[in-house]
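# Remarks on the overall topology
Listed below, chain by chain, are the residues.
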Amino acid sequence: MTVSLPLVFVLGVIAWAAIKFLGIRLWVAVVIALFGFWLSHTFLAPAIESGTRSGVGVVNGTRK
């Protein structure tokens, strides 16, 4: 069974859980998100995208 969820929703749930259960401060979560947006506009973006797609493929079982 394949479930399709927007990445923003998944990241939001992870951020909420980190703030609620791990005691991460809200400003730290915001800084991490902003750093992610900045990082996506650097020369590392293709490597990040490739790694993310590979990870999704492994989790979905389409790649070994």
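A brief report on the enclosed structure follows. (Residues numbered from 1 in each chain as written. Predicted model: local features only at pLDDT ≥ 70, side-chain atom pairs only at ≥ 80, totals over all residues. Heavy atoms only, no water.)

### Some points on the environment of Val31
The condition that has to hold: Numbering of helices and strands starts at the N terminus; helices are DSSP runs of H or I of at least 4 residues and strands are runs of E of at least 2. Throughout this description, buried means an accessible area under 20% of the type-specific maximum (1.4 Å probe, protein chains only), exposed means over 50%, and partly exposed covers the range between.
The residue Val31 is located in helix α2 (residues 26-39) in this model. Overall, Val31 belongs to the partly exposed group, its relative accessible area being 46%. C-alpha of Val31 to C-alpha of Phe21: the two residues are 10 residues apart in sequence and 19 Å apart in space.

### Quick look at the packing of aromatic side chains
Rule in force here: Whether two aromatic rings pair depends on their centres lying within 6.5 Å, for rings of Phe, Tyr and Trp, where Trp uses its six-membered ring; planes under 30 degrees apart make the pair stacked, over 60 edge-to-face, and the rest tilted.
Going through the model one piece at a time under the given rule, you end up with 2 aromatic pairs. When the centroid spacing of 5.7 Å and the interplanar angle of 85° are considered together, the rings of Trp16 and Phe21 count as edge-to-face. Taken as a pair, Trp16 and Phe21 share a single burial class, namely exposed.

### Side note on the pattern of salt bridges
We count it as follows: One speaks of a salt bridge when a side-chain nitrogen belonging to Lys or Arg is within 4 Å of a carboxyl oxygen belonging to Asp or Glu.
If you walk through the whole model with that rule in mind, you get 1 salt bridge. Among the ionic pairs, Arg53 bridges to Glu49, the shortest N-O distance being 3.0 Å. Of the two residues, Arg53 and Glu49 both sit in helix α3 (residues 45-60), 4 residues apart, roughly one turn of that helix. Classification of Arg53 by relative accessible area gives exposed; the value is 57%.

### Here's the deal with a nonpolar patch on the surface
Note the threshold: For patches, a residue must show more than 30% relative accessible area and have no salt bridge; joins then use 9 Å for like charges and 5 Å for nonpolar side chains, namely Val, Leu, Ile, Met, Phe, Trp and Tyr. In these tables, accessible area is a Shrake-Rupley quantity obtained with a 1.4 Å probe, and a residue counts as shielded only by the protein chains included in the view.
A surface patch of nonpolar side chains, about 1,000 Å² in accessible area, is lined by Trp16, Ile19, Phe21, Leu22, Ile24, Leu26, Val30, Leu34 and Phe37. Looking at the nonpolar patch, the elements with two or more residues in it are α1 (7-21) and α2. Per element, the largest residue contribution to the nonpolar patch is 4 residues, and it comes from α2. Its location among the elements puts Phe37 in helix α2. Note on Phe37: relative accessible area 58%, which makes it exposed.

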